[in-house]
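Analysis of the macromolecular model
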Amino acid sequence: MEQLLLLIFLPLAGAIITAFAGKSAKMVSTIISVASLVLALFIACNFIPNASTQFEANLPWIADLGIRFHAGIDGISMLVVLLTNLLIPIIILSSYKHDYKNLAAFYALILFMQTGLLLVFTAMDAFLFYIGWEAALIPIYFICAFWGGKDRIRINMKFFVYTIGGSLFMLMGIIYLYLQNPAHNFDIQAFYALNLDSAQQGWIFWAFFIAFAIKMPIFPFHTWQPDTYTAAPTQGTMLLSGIMLKMGIYGVIRWLLPIVPTGVHDWSSLAMILSIIGIVYASLIAFTQKDAKRLVAYSSIAHVGLIAAGIFASFNLGNNGVQGMQGAMVQMLSHGINVVGLFFVLDIIFSRVKTNKIEELGGIAKLAPQLAITFLIIVLGTVALPGTNGFIGEFLLLMGVYNYSIWAAAIAGLTIIFGAVYMLRMYQNVMLGKTNELTITFTDIQGTEKLVLYIICALIIIFGVYPKPLLHLTEASVQHLLEQVNQKLTSVK
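Keep in mind that what you see is a predicted model, and the values were worked out from it rather than measured. (Residues numbered from 1 in each chain as written. Predicted model: local features only at pLDDT ≥ 70, side-chain atom pairs only at ≥ 80, totals over all residues. Heavy atoms only, no water.)

Here we take up the overall build of the protein. Looking only at helices and strands, one finds 20 helices and two strands in the protein. Expected size for 493 residues packed as a compact globule is a radius of gyration near 23 Å; at 21 Å, the protein falls within 12% of this value. Residues classed as buried in the protein amount to 62% of the 493 residues present. For the protein, restricting intrachain contacts to residue pairs at least 6 apart in sequence, the fraction spanning at least 24 positions comes to 82%. Of the roughly 17,900 Å² of accessible surface on the protein, a fraction of 67% belongs to carbon and sulfur atoms. Of the charged side chains in the protein, 25 are positive and 22 negative; the average position of the first set lies 11 Å away from that of the second. (Helix = DSSP H or I, 4+ residues; strand = E, 2+ residues; numbered from the N terminus. Rg over C-alpha atoms; globule rule 2.2 N^0.38 Å. Buried < 20%, exposed > 50% of the residue type's maximum accessible area, 1.4 Å probe, protein only. Contact = heavy atoms within 4.5 Å. Areas by Shrake-Rupley, 256 points an atom, 1.4 Å probe, with all protein chains shown as cover. Lys, Arg positive; Asp, Glu negative; His and termini not counted. Charge placed at Lys NZ, Arg CZ, Asp CG, Glu CD.)

Structure below.
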């Protein structure tokens, strides 16, 4: 219990210290984030890969309303807890070359957001989950509003309205479940045990699904994403794409599927159709992008669409959907690593030539061979080349979708084909060819740029060559989840 409480609240304490650290804020935030990573690795090393919840903290909070500070870690949450604590120090290190105003506030907001994310990924109480959900939104709003680019106020307001609107739908669903619970508490197991009819489950499905679909995002709830990713400061974009969108995917797996399995069963076909439309739509739009950052933003929508399709397909396969669900878990980790790497490379390029317009670049590989090699490894991981981290997750996801429907798999598989085309074409136009007036003075990576890109490339290769620990970590929890859902569906029938 103590380890989990320390893991959650260490970044919060670090945020308070960092806010008053002045010029030392960069170093203080780095030390706090690395300490959180070490603690997360310690928890992972002592984690037993079974279906049970471990490191559980269950403390009274607001007793009159049945609200408890109830958090814990199982195989499903362990993976995203590791992802969060792994990416935060990488994101902080990636900002070292920037000279942001009010550095202390910038880094304090990142650490505050880390606490919100960890609450979401460990909460066993729906009220605590909602608190974490909103707590993660507040700092990223200010990060984008204060340090974003052109037209950031309008774009950020659209992002805020979308996400807060989705959150209110989810809050209505949580309150309804609380009122239906005879124990009058927000405990996740009590919500799992609720015996709701088909109509109740249907509207609860949409209350939660809209909130999660906006966060991922899934078509047609995606329109806030490309502009926000482009206008946000690079570290804000990394937080949004690398970690924050995983809140939506995690929410579907942890809360939506087990609480309203009949509602998911009734509406999963529509959810899959929306996900697959998003894959094709985002991929086609990515082909037309002239800005590399927007291209990566649309590619993220396509990849998340495949994850969502895999989750709903695996749900419909019952106990045979373990591999597809594991693919979703592994791909959450892989996508987070890869997309942070892509945005960091584009940030490096922008810092030297002040543009991400693809047509204005070229010939960089001749002048920056180390950047060219690391960028290529990240691109290959993104397009799921065998031997990279992107391969195993997408393979298992496509296997799950194929077992559900060969036609759905054929369309969903376009994300790999299209992705390879537009990502490799972008790499060719940006890195190869002749230099021009903008790129002739381009310099290679150095210092913290090397450190960040080397770490990301090492993770891409290690998880690609040896993904077994990730699969072993999640297998028992995923299997237990699907058995629980299948048992509840059977009892309703």
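Across the interface, helix α15 (residues 369-382) lies against helix α19 (residues 448-465) with an axial gap of 10 Å and an inter-helix angle of 35 degrees. The crossing of α15 and α19 is left-handed. Every residue of α19 that contacts α15 at Gln370, Leu371, Thr374, Ile377, Ile378 and Gly381 is listed here: Lys450, Leu453, Tyr454, Ile456, Cys457 and Ile460. The residue inventory of the contact of α15 with α19, partitioned by class, reads eight nonpolar, three polar and one charged. (Axes fitted to C-alpha atoms, helices over the stretch in contact; angles between N-to-C directions. Left-handed = near helix turned anticlockwise from the far one by under 90°. Nonpolar A, V, L, I, M, F, W, Y, C, P; charged D, E, K, R; others polar.)

Under the criterion given, the structure shown has 32 aromatic pairs. Aromatic side chains tyrosine 176 and tryptophan 203 sit 5.0 Å apart centroid to centroid with 70 degrees between the ring planes, which places their arrangement in the edge-to-face category. With tyrosine 176 in helix α6 (residues 152-180) and tryptophan 203 in helix α8 (residues 198-215), this pair connects stretches of sequence that are 27 residues apart. Exposure remark for tryptophan 203: the relative accessible area of 34% places this residue in the partly exposed category. An aromatic cluster of three or more residues is present, and its members are Tyr100, Phe106, Tyr107, Tyr141, Phe142, Phe146, Trp147 and Phe160. Above the face of the tyrosine 96 ring, lysine 26 is positioned so that its terminal group lies 5.2 Å from the ring centre. The ring of phenylalanine 442 carries arginine 352 above its face, with NZ or CZ at 5.5 Å from the centroid. (Phe/Tyr/Trp six-rings, centres within 6.5 Å; stacked < 30°, edge-to-face > 60°. Lys NZ or Arg CZ within 6 Å of the ring centre and 35° of its normal.)

Following methionine 216, the chain continues to proline 217 via a peptide bond in cis, the omega torsion being -5 degrees. Within the secondary structure, proline 217 is located in the loop between α8 and α9 (225-231). In this model, asparagine 102 sits at a positive phi of 55 degrees, which is unusual for a non-glycine residue. Considering the arrangement of structural elements, one finds asparagine 102 in the loop between α3 (75-94) and α4 (103-122). Positive phi values are uncommon outside glycine, yet histidine 184 reaches one of about 50 degrees. By the element assignment, histidine 184 lies in the loop between α6 and α7 (188-192).

This paragraph deals with the domain arrangement of the protein. As far as domains go, the protein holds domain 1 (1-259) and domain 2 (261-493). Taking only C-alpha atoms, the centre of domain 1 and the centre of domain 2 are 21 Å apart. If you look at the interface, domain 1 gives 58 residues, while domain 2 gives 58 residues. Each partner contributes to the roughly 5,200 Å² buried at the junction of domain 1 and domain 2, and carbon and sulfur atoms together form 76% of this total. On the domain 1 side of the contact with domain 2, Leu79, Phe219 and Leu257 bury the most area, a combined 14% of that side's loss. Our count for the contact surface shared by domain 1 and domain 2 stands at one salt bridge. Sorting the residues of the side of domain 1 that touches domain 2 by element identifies α3, α7, α8, α9 and α10 (234-259) as the ones contributing at least two each. (Domains from an automatic or database assignment. Buried area = accessible area lost by both parts, 1.4 Å probe. Salt bridge = Lys/Arg side-chain N within 4 Å of Asp/Glu carboxyl O.)

Here we take up the pairing of strand β2 (residues 67-73). Taking burial as the measure, the seven residues of β2 include six buried ones, the bulk of the element. As defined by bridge partners, strand β1 (residues 54-62) adjoins β2 across six bridges and the pair is classed as antiparallel. Paired with leucine 59 across the bridge in β2 is phenylalanine 69. Counting the residues that bridge the hairpin from β1 to β2 gives four residues, and of these glycine 66 lies at a positive phi of roughly 70 degrees. (Pairing = 2+ DSSP bridges.)

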